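# Survey of secondary and tertiary structure
These are the residues of each chain, in order.
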2 protein chains.
Amino acid sequence: MTGQPLPGFRDFYPEEHRALRGIFAAWREASRRSGFAEYEGPELESLDLYTEKSGDEIVGQIYHFRDKGDREVALRPELTPTLARMVAARHRHYRKPIKWFSIPRLFRYERPQRGRQREHFQWNCDMVGEKSAAAEAELIGTLVLGLSLLGLGPSDVVVKVSDRGWWDRFLEGHGVKENQKAEVFKVLDKLEDATEDEWNKKLGSLAGPVRQALGAKDAHSSGLEEVRQGVAALGYAEWFEVDLRVVRGLAYYTGVVFEVHDRAGKFRAVAGGGRYDALLKKFGGEDLPAAGFGMGDAVLAELLAEKKLVPAEVPAPGIFVVAELAQRPLALQLVGSLRRAGQVVDYDPGHGKWAKQLELAEAKGARWALLAGREAAQGKLTVKELATRKQGEIGYEAGPGGAISLVPGVGEWPKVIAS
Amino acid sequence: MTGQPLPGFRDFYPEEHRALRGIFAAWREASRRSGFAEYEGPELESLDLYTEKSGDEIVGQIYHFRDKGDREVALRPELTPTLARMVAARHRHYRKPIKWFSIPRLFRYERPQRGRQREHFQWNCDMVGEKSAAAEAELIGTLVLGLSLLGLGPSDVVVKVSDRGWWDRFLEGHGVKENQKAEVFKVLDKLEDATEDEWNKKLGSLAGPVRQALGAKDAHSSGLEEVRQGVAALGYAEWFEVDLRVVRGLAYYTGVVFEVHDRAGKFRAVAGGGRYDALLKKFGGEDLPAAGFGMGDAVLAELLAEKKLVPAEVPAPGIFVVAELAQRPLALQLVGSLRRAGQVVDYDPGHGKWAKQLELAEAKGARWALLAGREAAQGKLTVKELATRKQGEIGYEAGPGGAISLVPGVGEWPKVIAS
């Protein structure tokens, strides 16, 4: 039996989980402030939910198998098809625009590498029922708020925005047929480091016009310009950049698309999204416009680590109860009562010697030690602030049902310890 | 394409997700107050992690398949084997006792029924490295705290506690061989509604002694008595009951075991756990004592619904910005600025007419409407409390970079709206 998880999967020990929770907290807070409501779907779905609607790349990487009921099932590689399924089934219950978010766990079978795991978490925000560019602006504003809550700024990351609709018109204008477009998008998606020769080879007669289009710095389409204005009005002009090279791999995008990248270009995309107006109808729902984004935890965590912004909300006990053997029952009463009153309280269940209990209090990072020694029989405890070694006396009273409360009035300690 | 999830799987629309988040919040808060640190493992593990260490019942219900790398993998049916694997790999880094909790998603292929889904969430708390009964008391105290944070009391639920160690000794004393014990435990586990004839048929000569043992109301073993005292000292005597019929199905339990049931006996067990001292060693780790429990979300949610205790933390926007068309840029600046200041703010992205925007504000359950009408050009906004229709005037100022702040000093409204 190996002690390791499967390749591409991660164990989150408490230290690592703390960082993950910090990321989730920022995602939830940005969603909440922006008026998105949380939802969640199943992690296992019918395989056919993905095979027709997603891109080839994703479908080739799906974990799928035949279950004991002979169904072809898949561990979800993305949440958008589930969202489309759920909205199609119940959208009449909801006032438009529907603004929903989720933090799903997703699965892809691909070669594990830096920032790419076989299992990861992803923040998803989607707006359904809003056709105007306000949807994209709202989504970009929300993801930027999330990044800024983690301490990132516009000098760290940039939202690169493009328009698949503009590309559609451009390619049609240059005689590219509908069934060839996906291939061109795939080439454009990988163009970053290509040489001039490779450009000519891959794009042929399109190389010149494409190069010219990419060189222009204006917004190219009215949709893109409206998104730019909306994002600027929300206060995020510095985070925004038009970059037509962004085309996104997924088959279902129809309009404005965007990616978040670190400014230095050291990492993969931190987030990506766009408009997918045709998807809901494909799922048998009404013809509802929609847009959304996904932001994974893995690349983001790497970027935060590089910027020394890993959230370190260390959960240490506020109070650690230390007791002589004779005071053990009192100690447990204190532990139970203080926890019920909302405090974070720990103690040594092995009930070691006095010094060992104090040592465990320090090892656990407790702020206060609450000491039940000989004078506990007279209703007195000692409170010690472990970092400063300052200490003072404190009283306690037994209430009904064995509940213990610390007594105010014996100096400032009860107030301090409750702070 | 069906709009439904696979059989046994659940969609959590925002209303349902709210209830789930309420349960998670109580689980996390009880864990935190009790000094447990959060961790998480992968959802896909090697199948052999379960085949040897868990009970037959679980193994028969595992979702398992061969992945593209030809590995036999399983969607985790429980978290304890992952915990054992993780602790075995790194336990030297951690001061004992290790107190960890998690809220994993788990999978079982079984016939879906009330309170039993193929996918569910489960609160897991475990203590590793503590051999005394203080571990079980601490675990029971923590789960009771979690239930009480959800509004449940000792008249709603009871923790039934038993001792597999006592049963081991009892069965050995009556000549039951080691390899027959599992079968007897299985019979005991299903004895609840059996008639006298069925008792005699299933237990044979053991029927009399077992009946006598079950009838006795004292604690039977010193371990059980210590747990009882610890739970009572923590303040939860009323929640505690010795019931030797509780034996738990899992193969790895070695000592005290417990289950949480609703008092009326209408539902399946809400939670279950116990001591599993031999498991860590089986995973190649040191010989560390351990105990833990799991509490699923499905039965708990049913019980909470019956007791009308479904947590309803409805996330509605605090402020809804309503604007005339000419004030649209100002409205977006307000939205962005107020969100950055921590407020929950929404608006109508479709920018409907004034009355339609107000109607959407009410439909979304917003507390305040912030109105940017004709007087906005003079630095004035109107604030309206939607429930009471009370309204007042408020000023605003543009700061650097387009940030807008509400101006205190124009009456009490800025203070009220920020509350």
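Residues numbered from 1 in each chain as written. Chains lettered and ligands numbered in written order. Predicted model: local features only at pLDDT ≥ 70, side-chain atom pairs only at ≥ 80, totals over all residues. Heavy atoms only, no water.

## Points about the sheet that holds strand β4 (residues 72-75) of chain B
Residue and element names in this part refer to chain B. What counts is decided by this rule: Two strands make a pair as long as DSSP finds a minimum of two bridges between them. A helix here means a DSSP run of H or I that spans at least four residues, while a strand means a run of E at least two residues long, and both kinds are numbered starting from the N terminus. Axes here refer to lines fitted to C-alpha atoms; in helices the fit is confined to the stretch in contact. Angles between the N-to-C directions go from 0 to 180 degrees.
The strand order across the open sheet formed by three strands is β2-β4-β3, and the pairing between neighbours is antiparallel. The two strands at the open ends of the sheet, each matched to only one other strand, are β2 (44-46) and β3 (63-66). Across the sheet, the axes of successive neighbouring strands diverge by a mean angle of 35°, strand direction being ignored. Two elements, β2 and β4, share three bridges in a ladder whose sense is antiparallel. Residue pairing across strands places Ser46 opposite Val73, the latter belonging to β4.

## Here's the deal with the interface of chain B and chain A
To keep it simple, the criterion reads: Whether two residues are in contact is decided by their heavy atoms: any pair within 4.5 Å suffices. Within this document, salt bridges are pairs made up of a side-chain nitrogen of Lys or Arg and a carboxyl oxygen of Asp or Glu, the two lying within 4 Å of each other. Definition of a polar contact: a pair of N or O atoms within 3.5 Å, with one able to donate and the other able to accept a hydrogen when the atoms are protein atoms, and with sequence-neighbouring residues admitted only if both atoms are side-chain atoms. When residue character is reported, Ala, Val, Leu, Ile, Met, Phe, Trp, Tyr, Cys and Pro are called nonpolar, Asp, Glu, Lys and Arg charged, and the others, Gly included, polar.
Of the residues lining the interface, 98 residues belong to chain B; the matching set on chain A comes to 99 residues. For the pair chain B and chain A, the number of links is 16 salt bridges. With its nearest N and O atoms 2.7 Å apart, the salt bridge here joins Asp11 of chain B to Arg85 of chain A. Here chain B and chain A share 52 residue pairs in polar contact (both at pLDDT 80 or more) between them. Here the element with the most residues in the side of chain B that touches chain A is helix α1 (residues 14-33) of chain B; it accounts for nine residues. For the side of chain B that touches chain A, the residue count by class is 41 nonpolar, 21 polar and 36 charged.

## What about the packing of aromatic side chains?
Residue and element names in this part refer to chain A. Threshold: By convention, a stacked pair of Phe, Tyr or Trp rings (six-membered ring in the case of Trp) has centres within 6.5 Å and planes under 30 degrees apart, an edge-to-face pair has planes over 60 apart, and any other such pair is tilted. Partly exposed residues are those whose accessible area sits between 20% and 50% of the maximum for their type, while under 20% is buried and over 50% is exposed, using a 1.4 Å probe and protein chains only.
Within this structure, the stated rule accounts for 37 aromatic pairs over all chains. Seen from their ring centres, Trp167 and Phe170 are 5.4 Å apart, and the 85° between their planes marks the pair as edge-to-face. On the criterion of helical spacing, the pair formed by Trp167 and Phe170 is a turn pair, its members being three residues apart in helix α6 (residues 164-173). Exposure class is identical for Trp167 and Phe170. Each is buried.

## Here's the deal with the relation of the copies chain B and chain A
The condition that has to hold: A least-squares superposition brings the copies together, and it is based on the C-alpha atoms of residues with pLDDT no lower than 70 in both.
Relative to chain A, chain B is turned by 180° and slid 0.0 Å along the rotation axis, the superposed coordinates differing by an RMSD of 0.0 Å. Accordingly, the operation relating the two chain copies is best matched by a two-fold axis. Taking the C-alpha atom as reference, chain B places Phe65 of chain B closest to the rotation axis, 3.2 Å from it. Interface residue correspondence from chain B to chain A reaches 100%, placing this contact among same-surface, isologous pairings.

## Looking at the domain arrangement of chain A
Cut-off, in case you're wondering: For the domain bounds, the source is a domain assignment made automatically or taken from a database.
For chain A, the assigned domains read domain 1 (14-306) and domain 2 (319-417). The straight-line distance from the C-alpha centre of domain 1 of chain A to that of domain 2 of chain A is 52 Å.

## Topic: the packing of α1 of chain B against helix α5 (residues 134-149) of chain B
All names here are of chain B. Convention followed: Each angle gets one of four labels, with under 35 degrees taken as roughly parallel, over 145 as roughly antiparallel, 65 to 115 as roughly perpendicular, and the rest as oblique. Left-handed describes a crossing in which the near helix is turned anticlockwise from the far one by less than a right angle; the clockwise case is right-handed.
Running from N to C, α1 and α5 cross one another at 140°; their axes reach a closest spacing of 8 Å. One finds that α1 runs oblique with respect to α5. The interaxial crossing formed by α1 with α5 has right-handed handedness. For the pair α1 and α5, contact is made by Ala26, Glu29, Ala30, Ser31 and Arg33 and by Thr142, Leu145, Gly146 and Leu149, respectively. The class makeup of the residues in the contact of α1 with α5 is four nonpolar, three polar and two charged.

## Structural notes on a positive patch on the surface
Our working rule: A patch consists of residues whose relative accessible area exceeds 30% and which take part in no salt bridge; residues with like charges are grouped when within 9 Å of each other, and nonpolar side chains (Val, Leu, Ile, Met, Phe, Trp, Tyr) when within 5 Å. Per-residue and other accessible areas were derived by the Shrake-Rupley procedure at a 1.4 Å probe size, with only the shown protein chains allowed to occlude residues. This count recognises Lys and Arg as positive and Asp and Glu as negative, with His and chain-terminal groups excluded. Charged groups are reduced to one reference atom each: NZ for lysine, CZ for arginine, CG for aspartic acid, CD for glutamic acid.
A cluster of basic residues, Arg111, Lys186, Lys190 and Arg268 of chain A, forms a positive patch on the protein surface. With respect to the helices and strands, Arg111 of chain A occurs in the loop between β6 (105-107) and β7 (119-128).

## Section: the pairing of strand β11 (residues 271-275) of chain B
Residues and elements named next belong to chain B. Within β11, five of the five residues are buried, which leaves it mostly tucked inside the rest of the structure. Pairing of strand β10 (residues 256-262) with β11 involves four bridges; the strand directions are antiparallel. Across the sheet, residue Phe258 finds its bridge partner in β11, namely Gly273. Both β11 and strand β12 (residues 290-296) contribute to a ladder of five bridges, which runs antiparallel. Bridge assignment links Gly272 to a residue of β12, and that residue is Gly294.

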